[in-house]
Amino acid sequence: MRLKDKVAIVTGAGRGIGKAIAEAFAKEGASVVCSARSVDEIDAVATATGGLAVPCDVADEAEIRNLIDATVDAYGPIDILVNNAGAVARLPVHELPVEDWDHVMNVNLRGLFLCTKYALPSMLDEGSGCIINISSGAGVVGPRNRSAYAASKHGVMGFTKTLVAEYLHQGIRSHVILPDATVSRMRSEGFPNEDPDSLIQAEDIADAAVFLATQPATAHTMEIRVSQGLRTRTK
């Protein structure tokens, strides 16, 4: 159990990648705090993992502060933060409402910043910690009709690099995972005709997160890009 006695927060933990990471961390012995807006979903994941469900909208600063406080009250200092909560808008730039742009930025960038900002003091007090940010293949390319999403995921890359520069020497490792097309509700809503068997599975991203969270202190992997491989099942 490589994460025994570790305390982890996973945002967007109700389904998809976040759920898979929460389950994988729990299997490795971590106490997992599952966070998302969807109460029923995180309650189910928390029950399955023996963890704690804390509803939270990452665009709301007060709710994030409550998430951090609830975690420390329940389990003690935070060892791992996974910034996974995400949003997308799918329209050409000239048709994209400002409100949609702002929503994507508030979730994908502002929320990631706030979660990190308020988790860091606990890690700094302990002189150790692990922050895993979930970006996307869109963080290195600019796909059509996803300008806000691509811009925010590029931002996640830049933010992670700054975290490394500011905190690695203080014992806090920061990492970014860039999944290409992965099975999720968000993906199926945008690409309803895609065969899920041809995509990366959420568990593949969870494996990468476990690797980063358990990497020895003598090494630091900042970035992992996970691309599509072989079909997961044959028909």
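Whatever comes next refers back to the structure up there.
All chains use their own residue numbering, which begins from 1 and follows the written sequence. Under the rules for a predicted model, residues below a pLDDT of 70 receive no local features and side-chain atom pairs below 80 are neither given nor counted, while totals for whole chains, interfaces and linings still include all residues. Hydrogens and water molecules were not included; the side-chain quantities draw on all heavy atoms of the structure.

Participant: Go over the overall build of the chain with me, naming the residues and quoting the values.
Facilitator: Numbering goes from the N terminus for both helices and strands, where a helix is a DSSP run of H or I of at least four residues and a strand is a run of E of at least two. The helix and strand inventory of the chain stands at 7 helices and 7 strands. For the chain, whose C-alpha radius of gyration is 17 Å, the value lies close to the compact-globule estimate of 18 Å for 235 residues. The principal-axis extent of the C-alpha atoms belonging to the chain is close to 45 × 45 × 35 Å. Exposure is judged per residue with a 1.4 Å probe applied to protein chains only, and the accessible area is read against the type maximum: over 50% gives exposed, under 20% gives buried, and values in between give partly exposed. Evaluated residue by residue, the chain yields a buried proportion of 47% over its 235 residues. We call two residues in contact whenever any of their non-hydrogen atoms come within 4.5 Å of each other. Considering only contacts in the chain between residues 6 or more positions apart, those separated by 24 or more positions represent 68%. Residue burial considers only the protein chains on display, and all accessible areas are found by Shrake-Rupley using a 1.4 Å probe. Total accessible area on the chain stands at roughly 11,000 Å², and carbon and sulfur atoms take up 51% of it. Taken over C-alpha atoms, the radius of gyration is set against a globule rule of 2.2 Å times the number of residues to the power 0.38.

Participant: Give a description of the side chain of Q215 that names residues and reports values.
Facilitator: Examined against the element boundaries, Q215 turns out to sit in the loop between α7 (202-214) and β7 (223-226). Each polar contact in these results corresponds to two N or O atoms within 3.5 Å; when the atoms are within protein, one needs to be able to donate a hydrogen and the other to accept it, and residues that are neighboring in sequence are counted only if both atoms are side-chain atoms. In this structure the side chain of Q215 is engaged in a polar contact, spanning 2.8 Å, whose partner is the side chain of T221. In contact with Q215, other than residues within four places in its own chain, are R173, H175, H220 and T221.

Participant: Residue-level account of the pairing of strand β6 (residues 172-179), with values.
Facilitator: The element β6 is extensively covered by neighbouring structure, given that 8 of its 8 residues are classed as buried. Along β6, one buried face is formed by I172, S174, V176 and L178 and the opposite face, lined by R173, H175, I177 and P179, is buried too. Note on pairing: two strands pair once DSSP finds at least 2 bridges between them. Judged from the 6 bridges that link them, strand β5 (residues 129-134) and β6 form a sheet pairing that is parallel. What sits directly across from C130, in β6, is R173. Convention used here: a crossover is right-handed provided that the path from the first strand, over the helix, to the second strand proceeds clockwise when the strands point away from the viewer. Handedness of the crossover is the feature at issue here: the chain leaves β5, passes through helix α5 (residues 147-167), returns alongside β6, and the resulting connection is right-handed. Where β6 and β7 come together, 4 bridges link them in parallel fashion. Directly across from I177, in β7, lies its bridge partner I224.

Participant: Account for the pairing of β5, with residues named and values stated.
Facilitator: Along any regular strand the residues' side chains alternate between the sheet's two faces. Judged by how many residues are buried, β5 sits mostly within the fold: 6 of 6 residues are covered. Side chains G129, I131 and N133 project from β5 onto one buried face, and the interleaved C130, I132 and I134 project onto a second face that is buried too. Here 4 bridges tie strand β4 (residues 80-83) to β5, and the two strands are oriented parallel to one another. Bridge assignment links I80 to a residue of β5, and that residue is C130.

Participant: I'd like to hear about the nonpolar core, residue by residue, with values.
Facilitator: Nonpolar cores are built from buried Ala, Val, Leu, Ile, Met, Phe, Trp, Tyr and Cys residues. Side-chain atoms within 4.5 Å join them into one set. Ranked by size, the top nonpolar core spans 35 residues in total, and within it I21, F25, I132 and I177 carry the most contacts. The greatest single-element share of this core, amounting to 8 residues, is contributed by α7. Counting 22 residues, the second largest nonpolar core, distinct from the first, contains V58, A87, Y118 and Y167.

Participant: An account of α5 is needed here, citing residue identities and associated values.
Facilitator: Working rule for helices: expected span equals 1.5 Å times residues minus one. In a regular helix each residue adds 1.5 Å, so 21 residues correspond to 30 Å; α5 covers 30 Å between its end C-alpha atoms and thus fits that length. Those residues of α5 that fall on the buried side of the exposure criterion are A148, Y149, A150, S152, K153, V156, M157, T160, L163, V164 and Y167.

Participant: How would you summarise the packing of aromatic side chains if you had to cite specific residues and measurements?
Facilitator: Aromatic rings from Phe, Tyr and Trp, taking only the six-membered ring of Trp, are treated as a pair when their centres fall within 6.5 Å; an angle between ring planes under 30 degrees marks them as stacked, one over 60 as edge-to-face, and anything in between as tilted. Counting across every chain of the model gives 0 aromatic pairs. One Lys or Arg, K117, reaches over the ring of Y118 and ends 5.6 Å from the middle of that ring. In this scheme, the term charge over a ring applies when either NZ of a lysine or CZ of an arginine sits within 6 Å of the ring centre and within 35 degrees of the ring normal.

Participant: Mind laying out the pattern of salt bridges, listing which residues take part and the relevant values?
Facilitator: A pair is scored as a salt bridge if a Lys or Arg side-chain nitrogen falls within 4 Å of a carboxyl oxygen belonging to Asp or Glu. Counted by the stated rule, this structure contains 5 salt bridges. In this structure, the salt-bridge partner of K4 is D5, at a minimum N-O distance of 3.6 Å. K4 gets classed as exposed once you look at its relative accessible area, which sits at 52%. On the basis of relative accessible area, D5 is assigned to the exposed category, the value being 63%.

Participant: Pulling in residues and values, what's your account of the environment of I17?
Facilitator: Mapping I17 onto the fold places it in helix α1 (residues 16-27). As a C-alpha pair, I17 and A85 span 68 residues in sequence and 9.3 Å in three-dimensional space.

Participant: Can you tell me about the layout of surface pockets, naming the residues and giving the values?
Facilitator: Its volume calculated, the second largest pocket comes out at about 220 Å³. Space inside and on the surface of the protein is sampled on a 1 Å grid over the protein atoms alone, with a cavity defined as a set of points where a 1.4 Å probe fits but cannot get out and a pocket as an open set with protein on both sides within 12 Å along at least 5 of 7 lines; lining residues have an atom within 4 Å of a point. Residue lining of the second largest pocket: 15 residues in total, with K6, S128, G129, C130 and R173 positioned closest to the centre. Going through the elements one at a time, β5 and α7 are the ones with two or more residues in the lining of the second largest pocket. Classification used: nonpolar for Ala, Val, Leu, Ile, Met, Phe, Trp, Tyr, Cys and Pro, charged for Asp, Glu, Lys and Arg, polar for all others including Gly. Class assignment of the residues belonging to the lining of the second largest pocket gives a composition of 6 nonpolar, 5 polar and 4 charged. Grid points are joined across faces, edges and corners, and a volume is the space filled by probe spheres set on the points.

These results come straight from atomic positions and should not be treated as a statement about function.
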